[in-house]
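Report on the structure
Single-letter residue listing:
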Amino acid sequence: MEVTARAPGKIILAGEHAVVHGYTAVASSIDLYTVFSIRLRSEDDDTVNLKLNDIGLDFSWSVRRIKEVLSHLGSPFSSTPTSCSLETIKSLATLVDEQSFPETKIGLASGVYAFLWLYTSILGFKPATVTVSSELPVGAGLGSSAAYCVSLSAALLALSDSVKLDVSQKGWSTFNETEAELVNKWAFEGEKIIHGRPSGVDNSVSTFGNVIKFKSGVMTRVNSNMPLRMLITNTKVGRDTKALVANVSARKSRHPDAMCSVLNAIEAISDEWSTIIQSHAVDDLYLSANEEKLGELMEMNQGLLLSIGVSHASIENVLQTSMKYKLASKLTGAGGGDISGEVIDKIVEELGSFGYQSFTAGIGGKGVQISFDHSS
Ligand SMILES: Nc1ncnc2c1ncn2[C@@H]1O[C@H](COP(=O)(O)OP(=O)(O)OP(=O)(O)O)[C@@H](O)[C@H]1O
Ligand SMILES: C[C@@](O)(CCO)CC(=O)[O-]
Ligand SMILES: [Mg+2]
């Protein structure tokens, strides 16, 4: 039997970075997915094979070697979500180094550490073939790391004794609330390995889908009554969330009062976002007034993100291009190279001339889902 789990990426509508420091963010799932498939191998086949299709890497470890490297952890492992210690990350790095990870892709190694941690913690030392592919650009602010950790945790839990799913179901099915909560908690542990200091907003929205408000680790569902479609532009400027989050923390310790005021202002923007999208439009005039307000909020949020140091020349370029068409935009996710903007086709071509890739994404929609294939 093969288990497949898929989890959506996300767009942060308001409040990225501020949310890491306990201020509110509003985020929505998007209709682009990361898919993990796991097929258990026979017990005497001593191999865990991981195929990372998007980044063109393929690893095979012997179960015996994984056990040996992680022997300091003892057994059995805890069945509740547990953080990976720095010492264990070093051990996992040994396993990855032994596979001669290409130097040019070394920034992606943390995803493999997260795989090994979640795999061994949830499933133990079972031989398997694991494949991941994604529709999300990796490291572009659309929550690829969260979708990776959520879909991986979901597929692993589906094979574990921790959740009892009906494996005879056909097609995609969802987890119940308690199971989804467990998927989310494990995914957060994976995000910690990739991000350093995640707020939890990305894995929560990827697990539960739709639109959420997130503050100090607590998620609230938002019933959006506004049909939203976003034009997303990937400037393809490489960046990594961990470093950007760390830079904001460093700026906050240098200028605590000023940063506190900026982060409070961002929270006010998030709160207004969630009020507006929950309101019922009485007519088209009301709807377009609300759309205008959201545009202004995006503009203000972007200005504040610039002030905390997470914008980028390429983002400012996208802002200026969209401004020519009287459109508001902001970066989304960690920043430093990516951006989202209001729905508009006209600017796509102009943005394309800079080598940026723009696409629209559906906002909201289901969170993590699972399916079972008995054909092999
Ligand atoms: N499909 C994938 N295949 C392999 N690794 C992946 C994949 N998706 C995500 N990753 C891992 O996640 C890391 C990217 O995470 P990062 O948080 O920097 O960007 P993001 O999640 O796309 O953006 P943001 O956190 O701003 O929304 C990669 O370095 C890699 O380790
Ligand atoms: C930058 C950040 O706020 C969002 C990344 O998508 C980090 C986080 O919340 O973990
Ligand atoms: Mg991420």
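As recorded in an unreviewed UniProt entry, the protein goes by the name Mevalonate kinase, listed as coming from Gossypium aridum. UniProt, in the comment section headed Catalytic activity (unreviewed entry), describes the protein in these words: "(R)-mevalonate + ATP = (R)-5-phosphomevalonate + ADP + H(+)". The protein has a UniProt comment under Sequence similarities (unreviewed entry) that states "Belongs to the GHMP kinase family. Mevalonate kinase subfamily."

The subject of this paragraph is the overall build of the protein. Within the protein one finds 11 helices and 12 strands. Taking all 376 residues of the protein together, 47% fall into the buried category. Residue pairs at least 24 apart in sequence account for 77% of intrachain contacts in the protein once pairs closer than 6 positions are excluded.

Taken together, 15 residues lie near ligand 2, and Glu16, Pro198, Ser199, Gly333 and Ala334 sit nearest. Mapped by element, the contributors of at least two residues to the shell around ligand 2 are helix H6 (201–208) and helix H7 (241–254). Among the residues forming the shell around ligand 2, the class breakdown is seven nonpolar, six polar and two charged. Counting residues domain by domain, the shell around ligand 2 receives three or more from each of domain 1 (2–221 + 364–373) and domain 2 (229–362).

This part takes up unusual backbone geometry. A negative phi angle characterises most non-glycine residues, just as the trans form characterises most peptide bonds. Phi angles above zero are rare outside glycine, and Ser216 is one such case at about 45°. Residue placement: Ser216 occurs in the loop between strand E6 (211–215) and strand E7 (218–222). Of note in this structure, Lys236 is not a glycine but carries a positive phi near 65°. If you trace the backbone, Lys236 turns up in the loop between strand E8 (229–234) and H7.

A few words on the UniProt feature "domain: GHMP kinase N-terminal" (unreviewed entry) in the protein. When the UniProt feature table is mapped to this numbering, "domain: GHMP kinase N-terminal" (unreviewed entry) covers residues 118–209. Within the segment residues 118–209, helix and strand shares are 53% and 8% respectively, and the terminal C-alpha atoms sit 22 Å apart.

Around ligand 1, the surrounding shell holds 26 residues, and the nearest of these are Gly111, Ser144, Ser145, Gly333 and Ala334. Of all the secondary-structure elements, those providing two or more residues to the shell around ligand 1 are helix H3 (109–123), strand E5 (128–134), helix H4 (144–159) and helix H5 (177–195). The element contributing the most residues to the shell around ligand 1 is H4, with three residues. For the shell around ligand 1, a count of residues per class yields 10 nonpolar, 13 polar and three charged. When residues of the shell around ligand 1 are assigned to domains, at least three map to each of domain 1 (2–221 + 364–373) and domain 2 (229–362).

Next up on the list: the pairing of E8. Counting buried positions along E8 yields five of six residues, so the element is predominantly enclosed. Pairing geometry for E8 and strand E11 (residues 357–362), over six bridges, is antiparallel. From the neighbouring strand, Arg229 faces E11, where its bridge partner is Gly362.

This brings us to the environment of Arg65. Structurally, the position occupied by Arg65 is in helix H1 (residues 63–69). Residues Arg65 and Ile122 lie 57 residues apart in sequence; the distance between their C-alpha atoms is 18 Å.

Between H3 and H5, the shortest axis-to-axis distance is 8 Å and the interhelical angle comes to 150°. Classed by the angle they form, the pair H3 and H5 counts as roughly antiparallel. In terms of crossing hand, the pair formed by H3 and H5 is right-handed. Residue-level inspection shows Ser110, Gly111, Tyr113, Ala114, Trp117, Leu118 and Ile122 of H3 in contact with H5, the latter providing Trp186, Gly190, Ile193 and Ile194.

The rules behind the values
Residues numbered from 1 in each chain as written. Chains lettered and ligands numbered in written order. Predicted model: local features only at pLDDT ≥ 70, side-chain atom pairs only at ≥ 80, totals over all residues. UniProt positions renumbered as here; feature names shortened; annotations may be inferred. Helix = DSSP H or I, 4+ residues; strand = E, 2+ residues; numbered from the N terminus. Buried ≥ 20, exposed ≤ 12 C-beta atoms within 10 Å, placed from the backbone. Contact = placed C-beta atoms within 7 Å. Near = placed C-beta within 6 Å. Nonpolar A, V, L, I, M, F, W, Y, C, P; charged D, E, K, R; others polar. Domains from an automatic or database assignment. Pairing = 2+ DSSP bridges. Axes fitted to C-alpha atoms, helices over the stretch in contact; angles between N-to-C directions. Parallel < 35°, antiparallel > 145°, perpendicular 65-115°, else oblique. Left-handed = near helix turned anticlockwise from the far one by under 90°.

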